[in-house]
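Chain by chain, the residues:
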Amino acid sequence: MKNYFLILLLVISCARNQPKKISNDESINIAKIDSTEIDGKIPTPSKKPSAPKHIDTLNIPSQYIVTIPLEVNKKKIDIRLQLSMSEDFSGRKNYTIAEIQEDTNNLLPKSAYECIEGTIELQHWQAINKNSYYDTYDYYKNKDFKENDFANRKKIIFRNTDYNFITITDMNNDGYEDLLILDLASSMRDNDMYQFYKWSEKESKFIFVPDFFDKAAFYGWDKTGKYVITGVSDTKERKLYKNKIVGGKLKTIDQCTEYAVSDQLCW
């Protein structure tokens, strides 16, 4: 009898520890679940409901390239801007300019690209919708990712603020187009600083001319388009200089001061 009870206990113990038999269907289901978890396709419960996705975000890349095509002296220059998605403190998706890619023809020196990058970063409202990365992407997508509104060939007329930051013009009257690039990083209120890049026929590229404006702000040409207006302004007064180009350099022929308390303007 004792041996009978020992055998019975062994049979019960083996029955409890025997693994559950899984059908083929159950095995397939478990494999699918494991695979889905690895792929991150099983939604995890969240305390807060997820915000609805923007309808246009599904096919929008996190970064893309916008080209500024320039044609100067029958030479083509493509300045490429890489825009990347970023997130501000409020959680909105905005953009950052990650990089300005230099043209492979080396027509512009590195300082020109640095100036362009700094100016775009500070003046992004001019052509980029800063309120939404998605709106910015749609804006450029509709323009085939080309931005032609950054540059113009019109002379900047004094007291006329309707201009872009890259100006293509024959600044020194030598028969070749030069470049004026707005340098917002060095500018102050009411003092727009510009960098001047003259075209070198000998080297067939642009050369940076430092201190061409003698550390003064460049306000444009006078109404006749013959004289260059430069100066320095503060809250009380604006000292202005009328210049003409002599030997590729500025030569002051007249000067004047405008005061904040007076309505009298120079030229």
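Preceding block: the structure.
Residues numbered from 1 in each chain as written. Predicted model: local features only at pLDDT ≥ 70, side-chain atom pairs only at ≥ 80, totals over all residues. Heavy atoms only, no water.

J.: Help me out: how do you make sense of the state of the cysteines in this one?
T.: Between two cysteines, a covalent bond joining their sulfur atoms is known as a disulfide. Considering all chains together, one arrives at one disulfide under this definition. Between the sulfur of Cys256 and that of Cys266 lies a disulfide, 1.9 Å long from S to S. Of note, the bridge from Cys256 to Cys266 carries an S-S torsion of about -75° and is left-handed in sense. Of this pair, Cys256 sits in strand S12 (residues 249–259) while Cys266 sits in the segment after S12, placing them ten residues apart in sequence. Owing to a relative accessible area of 3%, Cys266 belongs among the buried residues under this scheme. (Disulfide = S-S within 2.5 Å. Helix = DSSP H or I, 4+ residues; strand = E, 2+ residues; numbered from the N terminus. Buried < 20%, exposed > 50% of the residue type's maximum accessible area, 1.4 Å probe, protein only.)

J.: Please clarify how helix H4 (residues 133–141) should be interpreted in this entry.
T.: Three or four residues apart is the spacing at which side chains of an α-helix point the same way, because the helix has 3.6 residues per turn. By the burial criterion, the buried members of H4 are Tyr133, Tyr134, Thr136, Tyr137 and Tyr140. Buried residues of H4, seen end-on, are gathered within an arc of 160° and therefore sit on one face of the element. (Arc of directions from axis to C-beta.)

J.: Sorry, what's going on with the environment of Lys198 here?
T.: Its place among the elements puts Lys198 in strand S7 (residues 194–200). On the accessibility criterion, Lys198 (33% relative accessible area) is partly exposed. The spacing of Lys198 and Phe208 is ten residues in sequence and 6.6 Å in space, taken between C-alpha atoms. The contact partners of Lys198, leaving out residues within four places of it in the chain, are Asn172, Asp178, Lys205, Phe206, Ile207 and Val209. (Contact = heavy atoms within 4.5 Å.)

J.: Quick question: what am I supposed to make of unusual backbone geometry here?
T.: The phi angle of most residues is negative, glycine excepted, and most peptide bonds adopt the trans form. Of note, Arg159 is a non-glycine position whose phi angle comes to about 75°, a positive value. Despite not being glycine, Asp190 shows a phi value in the positive range, around 65°. Here Asp190 is to be found in the loop between strand S6 (178–182) and S7. Judged by its relative accessible area of 37%, Asp190 is partly exposed.

J.: Is there a simple way to think about the sheet that holds strand S10 (residues 228–233) in this case?
T.: Strand pairing in a sheet is mediated by backbone hydrogen bonds. Such pairs are either parallel or antiparallel. Reading across the sheet, the four strands line up as S9-S10-S11-S12 and stay open at both edges, with antiparallel pairing between neighbours. Both outer strands of the open sheet, strand S9 (217–221) and S12, are each paired with one neighbouring strand and no more. If you compare each strand with its neighbour and ignore which way they point, the axes differ by 25° on average. (Pairing = 2+ DSSP bridges. Axes fitted to C-alpha atoms, helices over the stretch in contact; angles between N-to-C directions.)

J.: Is there a simple way to think about the pairing of S9 in this case?
T.: Looking down a regular strand, the side chains alternate between one sheet face and the other. The element S9 is largely enclosed, with a buried count of five among its five residues. Here S9 pairs with S10 via four bridges, running antiparallel. From the neighbouring strand, Trp221 faces S10, where its bridge partner is Val228. If you look at the hairpin formed by S9 and S10, you'll find six residues sitting between the two strands, and Gly225 has a positive phi there, around 80°.

J.: Sorry if this is basic, but what is going on with the pattern of salt bridges here?
T.: Inspection of the entire model under this criterion finds seven salt bridges. In this structure, the salt-bridge partner of Glu258 is Arg159, at a minimum N-O distance of 2.3 Å. Separated by 99 residues along the polypeptide, Glu258 in strand S12 and Arg159 in the loop between strand S4 (151–152) and strand S5 (166–169) bring together distant segments of the chain. Residue classification places Glu258 among the buried positions, given a relative accessible area of 6%. Residue class for Arg159 comes out partly exposed when judged on its relative accessible area of 40%. Residue Asp190 is joined to Arg238 by a salt bridge in which the shortest nitrogen-to-oxygen separation is 2.7 Å. Taken together, the positions of Asp190 in the loop between S6 and S7 and Arg238 in strand S11 (residues 237–246) put the pair 48 residues apart, joining distant regions of the chain. Through salt bridges that share partners, Arg159, Asp190, Arg238 and Glu258 make up one connected network. (Salt bridge = Lys/Arg side-chain N within 4 Å of Asp/Glu carboxyl O.)

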